[in-house]
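# Structure at a glance
Here is what each chain is made of, one letter per residue.
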Amino acid sequence: MSPKVSHTSSLAPQPSVLLFLLNTLASDKRIPPVTGRQSVLPHWLTDTVHHLESDVKCLQQKSDDAIDIVKLQGAEIISLQKVLENLELDQKKLQNNVDETLTSMESMKSNVEAVVVNVNTLADSYKTSGESSKVNATQTVAQHSKDNTWNTGVRKCFLSAIGITKANMVKIYHPHEDGVQIRGNQIRPDFTKDWNDNACWGAPMINYICQNVRKCHPVLSEELVNSKTDNDILKCLHENFKHYTNEYRSANGVSLTTAKARSKPNAQHVHREARKRSKLEKCLAVRGDSQLISAAWNYAFMLP
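Residues numbered from 1 in each chain as written. Predicted model: local features only at pLDDT ≥ 70, side-chain atom pairs only at ≥ 80, totals over all residues. Heavy atoms only, no water.

### Examining the confidence of the model for the protein
Applied cut-off: Each residue carries a pLDDT score, the predictor's confidence in it, ranging from 0 to 100. Two residues qualify as a contact provided that any one of their heavy atoms is within 4.5 Å of a heavy atom in the partner residue.
Per-chain confidence: the protein averages 75 in pLDDT, with 63% of residues scoring 70 or above. This model gives residues 257-265 a pLDDT under 50, and the stretch forms eight contacts once residues within four places in sequence are excluded.

### Considerations on the environment of Trp195
Note the following rule: Secondary structure counts use DSSP, requiring at least four H or I residues in a row for a helix and at least two E residues in a row for a strand, with both numbered from the N terminus. The classification of residues rests on relative accessible area computed with a 1.4 Å probe and restricted to protein chains. Under 20% of the type maximum is buried, over 50% is exposed, and intermediate values are partly exposed.
With respect to the helices and strands, Trp195 occurs in the loop between strand S2 (186-187) and helix H4 (202-216). In this structure Trp195 comes out as buried when scored by relative accessible area, which is 9%. Separated by 43 residues in sequence, Trp195 and His238 have C-alpha atoms that sit 7.3 Å apart. The contact partners of Trp195, leaving out residues within four places of it in the chain, are Trp201, Leu234, Leu237, His238, Phe241 and Arg277.

### Regarding the pattern of salt bridges
How we decide: For salt bridges, the criterion is a side-chain nitrogen of Lys or Arg within 4 Å of an Asp or Glu carboxyl oxygen.
Under the criterion given, the structure shown has four salt bridges. Among the salt bridges present, the one from Arg183 reaches Asp178, with a minimum N-O distance of 2.5 Å. Here Arg214 ties to Glu222 by a salt bridge, and the two come within 3.9 Å at their closest N and O atoms. For Arg214, a relative accessible area of 38% puts it in the partly exposed group.

Spelled out as structure tokens, the structure:
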């Protein structure tokens, strides 16, 4: 905000001091008038008055210049404030871009490392094997490449389903205070608990991945996605859950023992939930061969 400047100056032009003195002398009844002569002030006094008037004008000009400078500086301050706000916004955007780039680089690094391993495996097989073995090695490398692509797609879709845009946000992804893991359409895993204690969101997560994995990772082919069973998805989810559970616990100083102690699980309850999950996995494994594959039957393949 520009500083407020008063336009009223104490150095505003004043009536002539010399004229004021003359009028004062003329009106003073104690001074007898001099007949036939005009009142004359000493030269030193008139010179002093003229100098004072000149100084007042000079000070008035300086005051006006100072007011103009203050106005100009106020406008510059407002302009700098806007520039600062824009810089802060640009900094936030840049930080988001850096975070996204780091995440992409981590994913790319994993893919490159997997490719290097596959290439080395293929090279070793070519050196030591016959033609049939070479063909098998080539097929193995191709399958590994598909698996890496699939795992990346499931990982991205898993993070999307739980509302995380950056993998490093898992470190501050705390569970609900009431322990609820599914609220409406929102899934919120509890990384302080083990896999069995998170079984309630398995079926909804599988459905979400089937519907959205290609949106999250467009390089996945429709053929590859259709070849995966619910059990394949569940296994991949389990691996992702273990990975992010380790990250969360490491960042927050939570061990599996302390997590169990804090959640105070009931052994009978844990056994019952594990048995429910086992039955669900068996049902999911044969669902593809049944007539219950439509979305209308999803409720029948979810834990209560």
